[in-house]
Amino acid sequence: MKGFLITSALLGTSFTLSAAELVVQWHNPAHAHNPDTLAQIASQSRIDLTLVKALQNRFDLIDAQGSDPQAIIDALKDTGYFSHVEPEHFIELPKTPWLPEVPEASVSGGPDMGTLSLDNGRFNDPFYRLQQSQDEQGAPYWGLSNVEAARQYAVDNVAIDRKVRIAVLDTGRWDHEDMTWSEDQANFVSHGYRCLTPDETHSALDAECREVEFGSYHNDAIDKSWVYESGIGAYQIKIDGHGLAVASQITATANNGIGIAGSAPSEYVEIVPVRVLAHNGGYNFDIANGIWWAIGEWDNGDMLPGEMGYVEPISEPVDIINLSLGGPTFNSCEASTYFNSAIERAREKGISVVIAAGNDQIDAQGYTPSNCGDALTVASNSVFGELSSFSNFGDAVDLSMLGERVYSGYITTRIYTDDECLWHGEGRNGCYAPRSGTSMAAPNVASVLALLKMVHPDKASSELEAMLLNTANPFTTRADGTPSRASRAGVGAGVVDALAALQYEDAHQVVQQSIRHRYLGYASTEQVQFLRGLEQFFPSACSLYDVKFGRLQQAAPGIRYHIYQVAGDGAVGPETSQHTTTLSVPLATVDRGAFPRVGVQSCRNDVCGEVLELDFSDVAAPEACGSES
């Protein structure tokens, strides 16, 4: 295959190949997939054109011979036959970002991870206590997302009468001890070799293969590729395991006495494996074809069942698509017309598309497909809420979630051939390890969307996504009071709060979540001087407090909040208020200088709840302001 090579969500290098393999969109549907029409255009334009693969709808993949790809693109556009012509892209296989080593909790009795809140009696999976990605959100661990509590809430309040279906478009499935896969599966890798005598028992008997066929589409999504090695005169197996890692953190079987517990219960959520990446990556058009298949709109054209390249259509469309892949680009999502059309159609059908933001520490607007506006783009954060050092960022990002050291099922070529797990567990089908990257953050979000679908099966995908966005927790300030990198770089609505999203119907209710002095942490000589100077112009500077008294982080239709402040004794409320503020979110800086008592109230469609008076008695203040203001 030829084309422009870009990297995955987890790498970051690119180069250009010389010849032009192009995706074209025809003006006239009758001309699509027609070699005779293409031959006529080749004759008229004097460009050597070949139909490589018929794509969906009015799209085709063609080969155009020439030394100047851009000149070929311009010439084809000038023929008047095409509404769009674009170079094909190749996405390299995801790589795991490096992070400094940290001590791990002991599985056999050491301290729990995160906030020490995991219920160790809930699951008997031995490595569950290493799954900090499921732990409780709260100081100082603002980067966690209450997944364990949300999972239990979804199980207790399940309303769906079928399984939620998540398509993981990745390197494919692995028959791991802790995973159960959907019967629906597909392989859309069009390059590389496939062994004709694979070892179905996965005992490494196919580590070398001499009977192969070149890539064609089919319905076996197993994560295996073969590459020719001249030294042995045979093809050697290549296995990556990225698809297993993504899928297992979503639905690894819980409470089965082995491995880990998925963020979503496998009794109610299933993974549909769609292989779109081989051992070295995959093409953009293959990934787009995987989307068309997953949403139930795959057309085999003139091919019949049993013919090479025929793919049995999916039994029913999925609810969610996870894309933990991508790479740098100079183009907008809209410029990748074939890929973008697949995402747009998924959205039209009410299917959520979750995409990793990328790990090149750049603006995600320069990454594809994370720059697609019709998808949820996910950045990675640390357990403390800060943007991960490797994560992309910017206006294209919608949310963030933990993407550092997330435990999942693990398989590689070495583990397969040596039958030795180098991390936790045993053998080639029972290995577990931590992985990092936005590739791990995205399936965490897909898991929460699945929990939401379990509880709210009749809500549209846009409503479920709004529940996530409206309850996310923006990590704006570090513990020392300085602005976070997340606030400066941009991560959309912030860190997911899974439990708040599940309880969205009551999320507007007021609750004293946090109160913090505006200038807490100002202790250096320069900071104290600044504060005292500020008081000269703003006498109540030491009376400012940042208060958070609800779960919503974004404005929601019909919801308003009132802050009532009084100076004297008695009730605090609308009748006694001496200073009233109305807000669209339960987050504010209040000045207690003249009116020290503060009450808060929420209203939905003009129906208001009770007033909650905030308690400032134990709130610390900087020494320069005295013990309490």
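See the structure shown above.
As the structure is a prediction and not an experimental result, all values here were calculated from the model.

Basis of the calculations
Residues numbered from 1 in each chain as written. Predicted model: local features only at pLDDT ≥ 70, side-chain atom pairs only at ≥ 80, totals over all residues. Heavy atoms only, no water. Helix = DSSP H or I, 4+ residues; strand = E, 2+ residues; numbered from the N terminus. Buried < 20%, exposed > 50% of the residue type's maximum accessible area, 1.4 Å probe, protein only. Contact = heavy atoms within 4.5 Å. Areas by Shrake-Rupley, 256 points an atom, 1.4 Å probe, with all protein chains shown as cover. Lys, Arg positive; Asp, Glu negative; His and termini not counted. Charge placed at Lys NZ, Arg CZ, Asp CG, Glu CD. Disulfide = S-S within 2.5 Å. Phe/Tyr/Trp six-rings, centres within 6.5 Å; stacked < 30°, edge-to-face > 60°. Axes fitted to C-alpha atoms, helices over the stretch in contact; angles between N-to-C directions. Parallel < 35°, antiparallel > 145°, perpendicular 65-115°, else oblique. Left-handed = near helix turned anticlockwise from the far one by under 90°. Nonpolar A, V, L, I, M, F, W, Y, C, P; charged D, E, K, R; others polar. Pairing = 2+ DSSP bridges. Polar contact = N/O pair within 3.5 Å; in protein donor to acceptor, adjacent residues only side chain to side chain. Salt bridge = Lys/Arg side-chain N within 4 Å of Asp/Glu carboxyl O.

This part takes up the overall build of the protein chain. When helices and strands are counted, the protein chain shows twelve helices and 33 strands. Judged by the C-alpha coordinates and their principal axes, the protein chain covers about 90 × 60 × 50 Å. When the 629 residues of the protein chain are sorted by exposure, 57% land in the buried category. The long-range share in the protein chain, meaning contacts at least 24 apart out of those at least 6 apart in sequence, stands at 72%. Accessible surface, the protein chain as shown: approximately 24900 Å² in total, 48% of it carbon and sulfur. Positive and negative side-chain charges of the protein chain, numbering 39 and 81 respectively, have mean locations separated by a distance of 2 Å.

Turning to the state of the cysteines, a few remarks are in order. The full count for this structure, using the stated rule, is four disulfides. Here Cys 421 engages in a disulfide with Cys 431; their sulfurs sit 2.0 Å apart. Where Cys 421 bonds to Cys 431 through sulfur, the torsion about that S-S bond is close to 70°, and the disulfide is right-handed. Separated by ten residues along the polypeptide, Cys 421 in the loop between α7 (413-418) and β24 (424-425) and Cys 431 in strand β25 (residues 431-435) bring together distant segments of the chain. Grouping residues by exposure puts Cys 421 and Cys 431 together as buried.

Moving on, we get to the packing of aromatic side chains. On inspection of all chains with the given rule, the structure shows 21 aromatic pairs. Considering the side-chain rings of Phe 549 and Tyr 561, the 5.8 Å spacing of their centres and the 75° angle between planes classify their relative orientation as edge-to-face. Of the two residues, Phe 549 sits in the loop between β27 (544-548) and β28 (559-566) while Tyr 561 sits in strand β28, which places them twelve residues apart along the sequence. Judged by its relative accessible area of 0%, Phe 549 falls in the buried class. Through a chain of ring-to-ring contacts, the aromatic side chains of Phe 188, Tyr 217, Trp 293 and Trp 298 assemble into a single cluster.

Contact pair helix α5 (residues 284-294) / helix α6 (residues 337-348): the axes reach a minimum separation of 9 Å and the direction vectors enclose 20°. Here α6 runs roughly parallel to α5, going by the angle between their axes. In the crossing of α5 with α6, the sense of the turn from one axis to the other is left-handed. Across from Asn 284, Phe 285, Ile 287, Ala 288, Asn 289, Ile 291 and Trp 292 in α5, the residues of α6 making contact are Tyr 338, Phe 339, Ser 341, Ala 342, Ile 343 and Arg 345. Its residues assigned to classes, the contact of α5 with α6 comprises nine nonpolar, three polar and one charged.

Further remarks concern the sheet that holds strand β23 (residues 406-409). In space, the three strands of this open sheet follow the order β23-β25-β24, with antiparallel pairing throughout. Edge positions in the open sheet fall to β23 and β24, since each of these has one partner strand only. With four bridges joining them, β23 and β25 adopt antiparallel strand pairing. Within β25, the position partnered with Val 406 by the bridge is Arg 435. Each of β23 and β25 is contacted by helix α4 (residues 242-251), which is oriented at about 110° to β23, the strand it contacts most.

Here the focus is the side chain of Ser 577. On the secondary structure map, Ser 577 appears in the loop between β28 and β29 (579-583). Within polar-contact distance, the side chain of Ser 577 engages the backbone oxygen of His 579 at 3.1 Å. Setting aside residues no more than four positions away along its own chain, Ser 577 makes contact with Tyr 564, Gln 565 and Val 566.

It is worth spelling out the environment of Gly 490 at this point. Position of Gly 490 relative to the elements: it lies in the loop between α10 (485-489) and α11 (498-502). Its relative accessible area of 18% is what places Gly 490 among the buried residues. Sequence spacing of Gly 490 and Gln 134 is 356 residues, and the spatial spacing of their C-alpha atoms is 24 Å.

Across all of its chains, the model carries 17 salt bridges by this definition. For Arg 165, the salt bridge goes to Glu 270, with nearest N and O atoms at 2.7 Å. Taken together, the positions of Arg 165 in strand β8 (residues 164-170) and Glu 270 in strand β15 (residues 269-275) put the pair 105 residues apart, joining distant regions of the chain. Shared partners join several salt bridges into a network, and the residues in it are Glu 297, Arg 345, Glu 348 and Lys 349.

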